[in-house]
Amino acid sequence: MKYILECLAIVWICCSFTADNLSSEGFPQTEITNGMIRAKLYLPDAAQGYYQSTRFDWSGMIPELEYKGHQYFGKWFGGYNPKTHDAICGHVDEFGVIGYDQIGVGGEFLKIGVGILRKPDDKRYNAFTLYEIVNPGKRTVETFRDKVVFTHSLESGEYGYHYTKTVGLTEGKPELTLEYVLKNTGRQTLETTVYNHNFFTIDHQPTGPAITLKFPFELKGKWRINPDQVALLGNGQIAYAREFKKGESVFADDLSGAGYGANDYDFKIENLKSGAGVRIIGNQPLLKVVFWASPTTSCPEPYIRISVKPGEEFRWKNSYEFYTFEPVVP
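Small disclaimer: the values here were computed from a predicted structure and weren't measured.

**Q** Can you break down the environment of Thr-297 residue by residue, with the values?
**A** Counting through the fold element by element, Thr-297 comes out in strand S22 (residues 297-308). Each C-alpha atom, one on Thr-297 and one on Ile-211, is 9.6 Å from the other, the two residues being 86 residues apart in sequence. Sequence-distant contacts of Thr-297, that is, excluding residues within four places in its chain, are made with Trp-76, Phe-199, Phe-200, Thr-201, Thr-207 and Trp-292. Reaching out from Thr-297, the side chain makes a polar contact with the backbone oxygen of Phe-200 at a distance of 2.8 Å.

Here it is as structure tokens:
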């Protein structure tokens, strides 16, 4: 009888853990708070995870972040499929591929945060393509009241790494931090780039005159997609002349033709109608800043360069300072 009760207790504990880490939709998740900010994070899982595609790092997705009643992230796209390349929310990182151009059809290449992928044909790499994951590596997740620590370890022939991403809330401040450590455990140098896509949906306001972005440098980007001059550049700002129509988007592949200074990883995005904003600061030099927006989201995408020799490690940090102000758009 005692043995049966002990077994039932173990089953109850396991079921309780599973329930606490699954959303009502069945996705593994957790929440963190520092008393000022509350954030929900989806956790990586090959079978049940919200995101299962091969473009973005699987760790650190934030579908909800609330500060003083304002929401900063959310579902910005229409239909949902976990295998779609951009079915993802919040602060999400994408690393450049390593080894793709050096291999033939059927060969294996590396995508940090995803795993070892297979090259299916002789076409150029396309981030929108779903590639076969040959080696997913090993993942661990540690959850705390105010932070989540994601680790991803991978060993595969010439390539190997131990990658840690910590999503945390600063004590006593309305600030979220992303801290990264990438250690090269393989035989080849890890030479690539990484950027955060920053899918902001502040208070779910449609992309339009209520949304503005501010940069510490003169904007000189060339718009590759820009219907009716929707996005306006000037005085280090991006503003919108009108609300986007369904299906519209804008894209600039680099916002500064003159290069960047040491302190240029410092941007702001604000919702002038609801009075909510966020300042984004990074501790590494900018390589470039790409910008993309659709009717539901505005995305400054800051790139940095990564080069890690075998046995060495590289650290970087991004901070997000949330704030409110008196609305200026009726």
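Still more to cover.
**Q** If you had to explain the pairing of strand S20 (residues 276-282) to someone new, which residues and values would you point to?
**A** Here S20 lies mainly inside the structure; five of its seven residues are buried. Alignment of strand S19 (residues 266-271) against S20, held across six bridges, turns out to be antiparallel. Residue Phe-267 lies in a different strand from S20, and its bridge partner there is Ile-280. In this antiparallel pair of consecutive strands, S19 and S20, the connection spans four residues, and Gly-275 shows a positive phi of 75°. With seven bridges joining them, S20 and strand S23 (residues 313-324) adopt antiparallel strand pairing. Each bridged residue has a counterpart across the sheet, and for Gly-282 the counterpart in S23 is Asn-318.

**Q** Please give an account of the nonpolar core that cites residues and values.
**A** In summary, soluble globular proteins display a tendency toward joint burial of nonpolar side chains. Among the nonpolar cores identified, the biggest contains 62 residues, and Tyr-240 and Trp-316 are the most heavily contacted of them. Per-element tally for this core: the top contributor is strand S11 (residues 159-169), with five residues. Not counting residues within four places of it along the chain, the set of residues in contact with Tyr-240 comprises Thr-207, Gly-208, Pro-209, Ile-211, Leu-213, Val-230, Ala-231, Phe-291, Ala-293 and Ser-298.

**Q** Hey, could you go over unusual backbone geometry for me, with residue numbers and the actual values?
**A** What is expected of a backbone is that most residues other than glycine have negative phi and most peptide bonds are trans. Of note in the backbone geometry, Lys-68 takes a positive phi value of approximately 50° without being a glycine. In this fold, Lys-68 is placed in the loop between strand S3 (61-67) and strand S4 (70-71).

**Q** Describe the layout of surface pockets, and please don't skip the residues or the numbers.
**A** Sizing a probe to match a water molecule and rolling it over the atoms shows the empty space that remains. A volume near 690 Å³ is recorded for the largest pocket. Around the largest pocket, the lining comprises 26 residues; the ones closest to its centre are Arg-55, Phe-128, Tyr-195, Phe-251 and Glu-301. Of all the secondary-structure elements, those providing two or more residues to the lining of the largest pocket are strand S5 (93-95), strand S13 (190-196), strand S21 (288-294) and S22. Here the lining of the largest pocket gets four residues from one element, more than from any other, and that element is S21. Considering only residue class, the lining of the largest pocket consists of 13 nonpolar, six polar and seven charged. By volume, the second largest pocket amounts to about 290 Å³. Forming the walls of the second largest pocket are Val-97, Gly-99, Tyr-100, Asp-101, Gln-102, Arg-124, Tyr-125, Asn-126 and Ala-127.

**Q** Explain the sheet that holds strand S6 (residues 108-111) to me, and be specific about the residues and the numbers.
**A** Spatial ordering of the open sheet is given by S6-S7-S8, a layout of three strands whose pairing is antiparallel. Edge positions in the sheet fall to S6 and strand S8 (133-135), since each has one partner strand and no second. This sheet shows a mean twist of 45° between the axes of neighbouring strands, independent of strand direction. Two strands pair when backbone bridges link them, and S6 and strand S7 (residues 115-118) are joined in this way by four bridges, in the antiparallel orientation. Bridge pairing links Glu-108 to Arg-118 in S7.

**Q** For the sheet that holds S21, give the residues involved together with the corresponding values.
**A** Spatially, the six strands line up as an open sheet ordered S5-S13-S22-S21-S18-S15, and their pairing is antiparallel. Strands at the two margins of the open sheet, each flanked by one partner only, are S5 and strand S15 (223-225). The mean angle between the axes of side-by-side strands here comes to 25°, regardless of whether they run parallel or antiparallel. The sheet contact formed by S13 and S22 spans six bridges and is antiparallel. Along S22, the bridge assignment pairs Val-194 with Ile-304.

Parameters and conventions
- Residue numbers restart at each chain and count upward from 1, following the sequence in its written direction.
- Local features in this predicted model are restricted to residues of pLDDT 70 or higher, and side-chain atom pairs are both shown and tallied only at a pLDDT of 80 or more, whereas totals for entire chains, interfaces and linings draw on every residue.
- Calculation of side-chain values draws on the structure's entire complement of heavy atoms; hydrogens and water are dropped beforehand.
- The way it works is that DSSP assigns letters per residue, a run of H or I at least four long becomes a helix, a run of E at least two long becomes a strand, and they are numbered from the N terminus.
- Note on definitions: a residue-residue contact is assigned when non-hydrogen atoms from the two residues lie within 4.5 Å.
- Each polar contact in these results corresponds to two N or O atoms within 3.5 Å; when the atoms are within protein, one needs to be able to donate a hydrogen and the other to accept it, and residues that are neighboring in sequence are counted only if both atoms are side-chain atoms.
- Type-normalised accessible area, obtained with a 1.4 Å probe on protein chains alone, sets the label of each residue: buried when under 20%, exposed when over 50%, and partly exposed for intermediate values.
- Two strands pair if DSSP finds at least two bridges between them.
- Residue types Ala, Val, Leu, Ile, Met, Phe, Trp, Tyr and Cys, when buried and joined through side-chain atoms within 4.5 Å, form a set referred to as a nonpolar core.
- A 1.4 Å probe that fits into a set of points on a 1 Å grid over the protein atoms alone but cannot get out defines a cavity; an open set with protein on both sides within 12 Å along at least five of seven lines defines a pocket, and lining residues are those with an atom within 4 Å of a point.
- Grid points are joined across faces, edges and corners, and a volume is the space filled by probe spheres set on the points.
- Side-chain classes are defined by residue name, with Ala, Val, Leu, Ile, Met, Phe, Trp, Tyr, Cys and Pro counting as nonpolar, Asp, Glu, Lys and Arg as charged, and the others, Gly among them, as polar.
- Geometry is summarised by axes, namely lines fitted to C-alpha atoms with helices restricted to the contacting stretch, and by angles between N-to-C directions that run from 0 to 180 degrees.

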